[in-house]
Amino acid sequence: MIRFVDTTKIYSNGVVGLKNCTVSVEKGEFVFVIGASGSGKSTFLKLIMHEEVPTEGEVYVNGYSVHNMPRSEIPFLRRSLGVVFQDFRLLPNKTAYDNVAFAMQIVEATPREIRRQVPLALGLVGLSKKAKAYPHQMSGGEQQRVVLARALVNNPAVLIADEPTGNLDPKTSWEIMNLLEEINQRGTTVIVATHEKDIVDTMKKRVIALERGEIKSDEQKGLYFNEN
Amino acid sequence: MKIRTIRLLAKEGTSNIYKNKLMSFASIMTVVAALFFLGILLLIAINITTNIESMKRDLEVTVFLNVSASAFEREEVVTYIEQQQTAGVVAQYRTESKEQAFENIRSELKNDDLLKGLTVENMPESFYIKLTNPAFSDNFIEKLKTFSGVNADYGIGYDKAELEKLEGFLKIFNFVIMALLVVLMIIAVFLISNTIRLTVFARRREIEIMKYVGALDSFIRWPFIVEGILIGFIGAALSFLLTSQAYTWLQNVLNSILISFRLTTLSILEFGPVALRIFMVYSIFGIIIGGIGSLLSVRKHLNV
């Protein structure tokens, strides 16, 4: 599903993003990527999304060779991924419904498909009643649910979340994490970058720990690494 | 691309113009100004060209027979001219007999002293010949020179050299217009691309989201290109209105000046007959300027 083979990413200013990283994530897995800021978490996710390309090594995602990919294929790689951001990135002048529908318009879905899928996605994240609300009329947690609905509405094989709870209070964070787990149980591969120890320790999922661009540990049912 | 999508993208582009009222207004005005100058230059060029053309058409070959030319020698020349008329080289011609020439010179001079010694008999007979095309003049004149009744050295007049000077000037003028045109186009393209860049900037969040969700490049680009093309076209239409008003005004002013100086051989073109041509030129240029302008900024600032 996702495979990094001896992947290195060095940015043009010399900063090492990722160093000789070999790892793979199988279909249906739930994976935490942890590490301090600058450890390479973001680089890891960016390489999956083809926001960056590796300096060396190979990256395979959903059957695409991300390391040497023609530009014209990038949109199709991204259609196979759902992305959730820490800062939500909703369109402020569109309602929750329209924000989700927008993602379907972009991939040229028919109006019928849109009318069927959008309420379904909003229902899945428990926001059916807020469909007509604008982002500024919603709480952070609600906004993040809209983002989740938008990420899921095109049925991506992989969901990528970059610090999805970074701007949320603990209670709301848990609601979002439970939702992510539920989505994972429906068969979507979920990759979450986070540095929230509580959540990682409680959920007992696979944990890939990064430090200065290198994989420090990769454990099933892992814990946020102990400072020893 | 599906029809539904095309409609969506066109709608996005159109509403962008409205959302960015101020900048759209500024770019439309740029197009108006650029095309207005272009149009005025173009109209000046058209006027000069048509005037030179009509002068060329009116230009006559004048042929003076020798004073002592015999009836046979005269007949030779007339036959040749008429033969050329059936061949399509000569448009029309008229003759001036010795008597007419004498009358003309008498009415011109008015002073009897100067007329002393001039008789009908020592006036030359002459022909005034209009050619269908000035290009025929060289051969035609060469042939005329071979007739014994024609004075080969002084008997043939044709002001071609003057016209050629004018035509040379016209060429330079056209060249200057082309250069100015290119400069104007570059300025207009630059300004439009600036406007579109602002739109791109205002919509960068949206664009970013579109990229993450997997929108095709064309899907992201087209609304901006539609916006640029529309700005170009609106500017062209406004500029056309402005040009027609300004030109009509200018035409009236120039016509009254020409009349007061009795320069009736020069004429200022009416706007009506060239209106469609001007409108087409404006639209095409406007659309090209707008399209290229937005394409530039979209390419540069949409690293999808």
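Counting restarts for each chain: residues are numbered from 1 in the order of the written sequence. Numbering of ligands from 1 and lettering of chains from A proceed in the order in which they are written. Note on the predicted model: pLDDT of at least 70 is required for a residue's local features to be given, and 80 or more for side-chain atom pairs to be given and counted; whole-chain, interface and lining totals, by contrast, use all residues. Note that the side-chain values use all heavy atoms of the structure and ignore hydrogens as well as water.

Student: Report on the pattern of salt bridges, specifying residues and quantitative values.
Tutor: Residue and element names in this part refer to chain A. In what follows, salt bridge is the name for a side-chain nitrogen of Lys or Arg lying within 4 Å of a carboxyl oxygen of Asp or Glu. Considering all chains together, one arrives at 14 salt bridges over all chains under this definition. Residue Glu52 is joined to Lys9 by a salt bridge in which the shortest nitrogen-to-oxygen separation is 3.5 Å. Linking Glu52 in the loop between helix 1 (41-49) and strand 4 (56-61) with Lys9 in strand 1 (residues 2-10), this pair joins segments that are 43 residues apart in sequence. Residue burial is assigned from relative accessible area. The probe radius is 1.4 Å, only protein chains are included, and a residue is buried under 20% of its type maximum, exposed over 50%, and partly exposed in between. Take Lys9: its relative accessible area is 9%, and that puts it in the buried class. One salt bridge connects Lys130 with Glu142, and the closest N-O pair in it is separated by 3.7 Å. Separated by 12 residues along the polypeptide, Lys130 in the loop between helix 4 (111-124) and helix 5 (140-152) and Glu142 in helix 5 bring together distant segments of the chain. A residue is classified by how much of its surface remains accessible, and Lys130, at 29% relative accessible area, is partly exposed. Salt bridges linked by common partners bring Glu29, Arg206 and Asp218 together as one network. A helix here means a DSSP run of H or I that spans at least four residues, while a strand means a run of E at least two residues long, and both kinds are numbered starting from the N terminus.

Student: Provide a residue-level description of the layout of surface pockets, including the pertinent values.
Tutor: Residues and elements named next belong to chain B. Taken as a whole, the largest pocket spans an internal volume of roughly 320 Å³. Every element with two or more residues in the lining of the largest pocket is listed here: helix 2 (21-58), helix 7 (160-202) and helix 9 (217-260). Looking at which element gives the most residues to the lining of the largest pocket, the answer is helix 2, with 8 residues. When residues are grouped by polarity, Ala, Val, Leu, Ile, Met, Phe, Trp, Tyr, Cys and Pro land in nonpolar, Asp, Glu, Lys and Arg in charged, and all others, Gly among them, in polar. Within the lining of the largest pocket, the residues separate by chemical class into 14 nonpolar, 3 polar and no charged. Think of a 1 Å grid over the protein atoms and nothing else: a 1.4 Å probe that fits but is trapped marks a cavity, an open set flanked by protein within 12 Å on at least five of seven lines marks a pocket, and residues with an atom within 4 Å of a point count as lining. Grid points are joined across faces, edges and corners, and a volume is the space filled by probe spheres set on the points.

Student: Summarise the confidence of the model for chain B; cite the residues concerned and give the values.
Tutor: A low pLDDT means the predicted coordinates there should not be read in detail. In this model, chain B carries an average pLDDT of 82, and 96% of its residues clear a pLDDT of 70 or more. At the low end of the mean pLDDT range in chain B sits helix 5 (residues 112-115) of chain B, at 68; at the high end sits helix 9 of chain B, at 89. pLDDT: the predictor's confidence for each residue, scored from 0 to 100.

Student: Please give an account of the pairing of strand 6 (residues 81-84) of chain A that cites residues and values.
Tutor: Residue and element names in this part refer to chain A. On strand 6, burial covers both faces: Leu81 and Val83 on one face and Gly82 and Val84 on the other are all buried. DSSP-based pairing: two strands are paired if at least 2 bridges between them are found. Of the strand pairs in this sheet, strand 6 and strand 7 (residues 158-162) are connected by 4 bridges, and their pairing is parallel. Considered in strand 7, the bridge of Val83 is made with Ile160.

Student: Give a detailed account of a nonpolar patch on the surface, specifying residues and quantitative values.
Tutor: Residues and elements named next belong to chain B. A patch consists of residues whose relative accessible area exceeds 30% and which take part in no salt bridge; residues with like charges are grouped when within 9 Å of each other, and nonpolar side chains (Val, Leu, Ile, Met, Phe, Trp, Tyr) when within 5 Å. Here the Shrake-Rupley method, with its probe set to 1.4 Å, supplies the accessible areas, and only the displayed protein chains count as covering residues. A contiguous nonpolar patch, built from Met55, Leu166, Phe169, Trp249, Leu250, Val253, Leu254, Ile257, Phe261, Leu263 and Leu266 and spanning about 970 Å² of accessible area, is present on the exposed surface. Counting only elements with at least two residues in the nonpolar patch, the list comes to helix 7 and helix 9. Element by element, the count of residues in the nonpolar patch is highest for helix 9, at 5 residues.

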